[in-house]
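Inside the fold
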Amino acid sequence: MKTVTDTGIAFAREMVPELRAPIALAVNAVLPLLFLALFGPLLTSTPGIGEGSPWQWFLPGILVLLALSGTAGAGANLLMEINSGSFERMLVTPMNRTALLAGRTLKEVLTLAAQGVLLILVLLPTSFELFPLGALAGLVLLATFGVGLGALSFTLAVLARKQEQVFYLVQQACFLPLMLLSGVLLPMSLAPSWLYTVSRFNPVAHIVEAERALFAGRFAEPAVLYGGVCALAIAGLGLFFGARVMRDVRV
Amino acid sequence: MIQTRALTRSFRIKKGVVEAVRGLDLSVSEGELVAFLGPNGAGKSTSLRMLTSLLSPTSGTAVVAGHDVVREPAQVRRHIGYLGQGNNAGHLYEPRDELYNQGRFYGMDRRAARRRADELLTDFDLAPMARRRVGSLSGGQRRRLDIALALVHRPRLLFLDEPSTGLDPQSRAHIWQHIRRLHELHGTTISFSTHYLEEADQYAGRVLIIDNGRVVADDRPERLKEQQASDCITVTTGDEESARHAATVGEQVPGAHGATVDGKTVRLRLGDGAAGLPEYLRALEAAGVKALTAELSRPTLDDVFLNLTGRRLRETAAEQESGEA
């Protein structure tokens, strides 16, 4: 019970700067908006993206990109608080330590979902077709993925607190291959077979494919199952490692 | 309030093991104001961090505010306030936000947390900055906010890790005014670490001198100075021969520990300089030695540190700073 209450309190603290300056939320969504506006139209006659609006195919991938570029970097904020001393102060309070991390993760997930909704709203006046249930399921899947990414990013921040560069190094080293091998920008079906095979080992590729099925209103597809399992596994790993480092963290 | 037995902490580093604290036996009663004085790296912070449950001891036990730091860290945390060397408040926040958040962290309801935040803003002269960003406050203002944050839950026991390091003299005095008021008005038990000897001397009721992970002395500052160092009378004479003569005379003064001559200057160490000075001057006159100037200096904690460790605290600090740079 205390863990839940404390998570709420930690979450409320994290939300304060966001609510004070909601513009930051929109600024963070600029990168994906640029992709939608300037890269999306290039896809019009690309084979493998299906009929209809290119955005129909592109948006789900962009949502995942949003998680990879934004949520996965959440640890940078924690790193800043570790180095300034404000995190240490929280460790000396009776707050449940897992809740300190969970509250932060929750804020990252909510931010991610809000940006996802923002992108959907931007596309509504276009030829993009919205399947409400599918989109909702897609956002839930995205949030699950976000829980895992956020928690892993915080874990990394705690582990790398003494050498900040390690955090950015690892984050960048993971970001590019995960993104390039996920088919966010171009369909993996265009890839030569070796590249396609490699992409099968990238959980993010499965999540992207699941998102695409869901945003097209298709639930009963193996891709949805695989993507769901991958997202749940990442969330589970993130929470497990996160709780572990928080238990005996010292800064 | 604090009871430790044989508390140690060692760190593994690349080149082996560093014993940061080597056996801390400490007993602090309610209402004491205790300074942990020592050079950087002496083990002051490590000790405080073990007592506040931030760091688990390698061996030994510590009971703080009635609870064991290893077995009941949550109970310890509930009853203590802590000020680390960094900034307690998040830089992206406003002071009032963080005071409110801190109240919530300690289980206050929203109204109580808001009320307490406003109370502390007034107490610490921070009301005009309540709505500014913490990152834009001056060093002194930020440090005051840090202390206010440590007091949100009205702890009976407070740990301050170098509360005034890096501040200008005026801000330091201001910070200390607040800490002393807390101690005098509410009887809060306070332990603070410092490498400023003036601070330990001026404010603490009891000083623990820490060097190399060990407590080398533990007493009231006046007693430490009395027992571990002596007063010094410096007399200058017209020529070197008179100086030598003056030294011989000085050694006969009751309570004198010895005299040294340096050119035309004589330094006489003795227990009670205030009583010894007129006596010495009379003896010099009787011996026909003309003293041109006479000066009495009382010992500082630095002299105590020198006597105990063979080094000066100031030099040790300076060495480390140049070593770090």
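Procedures and definitions
Residues numbered from 1 in each chain as written. Chains lettered and ligands numbered in written order. Predicted model: local features only at pLDDT ≥ 70, side-chain atom pairs only at ≥ 80, totals over all residues. Heavy atoms only, no water. Helix = DSSP H or I, 4+ residues; strand = E, 2+ residues; numbered from the N terminus. Contact = heavy atoms within 4.5 Å. Areas by Shrake-Rupley, 256 points an atom, 1.4 Å probe, with all protein chains shown as cover. Lys, Arg positive; Asp, Glu negative; His and termini not counted. Charge placed at Lys NZ, Arg CZ, Asp CG, Glu CD. Buried area = accessible area lost by both parts, 1.4 Å probe. Salt bridge = Lys/Arg side-chain N within 4 Å of Asp/Glu carboxyl O. Polar contact = N/O pair within 3.5 Å; in protein donor to acceptor, adjacent residues only side chain to side chain. Domains from an automatic or database assignment. Buried < 20%, exposed > 50% of the residue type's maximum accessible area, 1.4 Å probe, protein only. Pairing = 2+ DSSP bridges. Axes fitted to C-alpha atoms, helices over the stretch in contact; angles between N-to-C directions. Phe/Tyr/Trp six-rings, centres within 6.5 Å; stacked < 30°, edge-to-face > 60°. Lys NZ or Arg CZ within 6 Å of the ring centre and 35° of its normal. Parallel < 35°, antiparallel > 145°, perpendicular 65-115°, else oblique. Left-handed = near helix turned anticlockwise from the far one by under 90°. Nonpolar A, V, L, I, M, F, W, Y, C, P; charged D, E, K, R; others polar. Core = buried A, V, L, I, M, F, W, Y, C linked by side-chain atoms within 4.5 Å.

1. What about the overall build of chain B?
A tally of helices and strands in chain B yields twelve helices and 14 strands. Viewed in the frame of its principal axes, chain B has a C-alpha envelope of about 80 × 45 × 40 Å. Put simply, 67% of the contacts in chain B that link residues at least 6 apart link residues at least 24 apart. In the form shown here, chain B has an accessible surface area of approximately 15,100 Å², with 46% of it arising from carbon and sulfur atoms. For chain B, the separation between the mean place of its 44 positive charges and that of its 43 negative charges on side chains is 9 Å.

2. Points about the interface of chain B and chain A
Taken together, the contact pairs 31 residues of chain B with 25 residues of chain A. Of the roughly 2,400 Å² buried between chain B and chain A on both sides combined, carbon and sulfur atoms contribute 55%. Linking chain B with chain A are five salt bridges, by the criterion used here. Asp97(B) is the salt-bridge partner of Arg20(A), the closest N and O atoms lying 2.5 Å from each other. Scanning the region where chain B abuts chain A turns up twelve residue pairs in polar contact (both at pLDDT 80 or more).

3. Remarks on the domain arrangement of chain B
You can read the domains of chain B as domain 1 (2–225) and domain 2 (230–298). Distance from the C-alpha centre of domain 1 of chain B to the C-alpha centre of domain 2 of chain B: 45 Å.

4. A word on the pairing of strand 9 (residues 206–211) of chain B
Within a regular strand, the side chains alternate between the two sheet faces. All names here are of chain B. Where burial is concerned, most of strand 9 is hidden: six out of the six residues are buried. Across five bridges, strand 9 lies against strand 10 (residues 214–219) in antiparallel orientation. Among the inter-strand pairings, Asp 211 is bridged to a residue of strand 10, identified as Arg 214. Here strand 9 hands over to strand 10 after two residues, with Asn 212 in that stretch at a positive phi of 55°.

5. What to know about the sheet that holds strand 4 (residues 59–64) of chain B
All names here are of chain B. Taking strand neighbours across the sheet as the criterion, the four strands line up as 2-1-4-5 in an open arrangement whose pairing is antiparallel. In this open sheet, the two edge strands, each paired with only one partner strand, are strand 2 (16–28) and strand 5 (67–68). Sheet topology note: the strand 1 (residues 2–13)/strand 4 ladder contains five bridges and is antiparallel. Bridging from a neighbouring strand, Thr 4 pairs with Ala 62 of strand 4. Here helix 1 (residues 44–51) sits on the sheet in contact with strand 1, strand 2 and strand 4, set at roughly 120° to strand 1.

6. Digging into unusual backbone geometry
Residue and element names in this part refer to chain B. A positive phi angle is found at Ala 6, which is not glycine, with a value near 45°. Secondary-structure assignment places Ala 6 in strand 1. Accessibility expressed as a relative area gives 36% for Ala 6, which makes it partly exposed. Of note in the backbone geometry, Asn 212 takes a positive phi value of approximately 55° without being a glycine. Looking at the element boundaries, Asn 212 is found in the loop between strand 9 and strand 10.

7. Regarding the pairing of strand 8 (residues 189–194) of chain B
All names here are of chain B. Counting buried residues along strand 8, six of its six residues qualify, which places the element largely inside the surrounding structure. In strand 8, alternate side chains face the same way, and those of Thr 189, Ser 191 and Ser 193 on one face and Ile 190, Phe 192 and Thr 194 on the other are all buried. Here strand 3 (residues 33–37) runs beside strand 8; their pairing, made up of five bridges, is parallel. The partner of Leu 37 across the bridge, within strand 8, is Thr 194.

8. Structural notes on the packing of aromatic side chains
By the definition in use, this model includes seven aromatic pairs over all chains. Geometrically, the ring pair formed by Trp57(A) and Phe58(A) is stacked, given 6.4 Å between the ring centres and 5° between the ring planes. By relative accessible area, Trp57(A) is classed as buried at 8%. Overall, the relative accessible area of 0% leaves Phe58(A) in the buried class. Counting every residue linked through ring pairs, the aromatic cluster contains Phe35(A), Phe39(A), Trp57(A) and Phe58(A). Between Arg13(A) and the ring centre of Tyr93(B), over which it is positioned, the NZ or CZ distance is 4.2 Å. Its guanidinium or amino end placed over the ring of Trp57(A), Arg212(A) lies 3.7 Å from that ring's centre, counting from NZ or CZ.

9. Considering the environment of Tyr106(B)
Looking at where Tyr106(B) falls in the secondary structure, it is placed in the loop between helix 3 (95–105) and helix 4 (110–123). Note: C-alpha distance between Tyr106(B) and Arg77(B) (29 residues apart in sequence) is 9.4 Å.

10. Brief notes about the environment of Leu225(A)
Looking at the element boundaries, Leu225(A) is found in helix 12 (residues 222–247). The spatial distance from the C-alpha of Leu225(A) to the C-alpha of His206(A) is 9.0 Å, given a sequence separation of 19 residues.

11. Overview of the packing of helix 3 of chain B against helix 5 (residues 139–150) of chain B
Residue and element names in this part refer to chain B. Look at helix 3 against helix 5: their axes get within 9 Å of each other, and the N-to-C directions meet at 20°. The pairing of helix 3 with helix 5 is recorded here as roughly parallel in orientation. Relative to helix 5, the crossing made by helix 3 is right-handed. Counted together, Pro 95, Glu 98, Leu 99 and Gln 102 of helix 3 and Leu 145, Ala 148 and Leu 149 of helix 5 form the full contact between these two elements. Class assignment for the residues of the contact of helix 3 with helix 5 results in five nonpolar, one polar and one charged.

12. Considerations on the side chain of Glu98(B)
Along the polypeptide, Glu98(B) turns up in helix 3. Residue Glu98(B) is classed as buried on the basis of its relative accessible area of 0%. With sequence-adjacent residues up to four places away left out, Glu98(B) is seen in contact with Arg13(A), Arg89(A), Asn88(B), Ala89(B), Gly90(B), Tyr93(B) and Leu149(B).

13. A look at the nonpolar core
Residues and elements named next belong to chain B. Ranked by internal contacts, the top residues of the largest apolar core, which has 48 residues, are Ile 2, Leu 26, Phe 36, Leu 51, Val 64 and Phe 159. Beyond its immediate sequence surroundings of up to four residues, Val 64 is in contact with Met 1, Ile 2, Leu 51, Val 69, Val 76, Ile 80, Leu 157 and Phe 159. Within the second largest apolar cluster, 47 residues are counted, among which are Ala 113, Ala 150, Tyr 203 and Leu 224.

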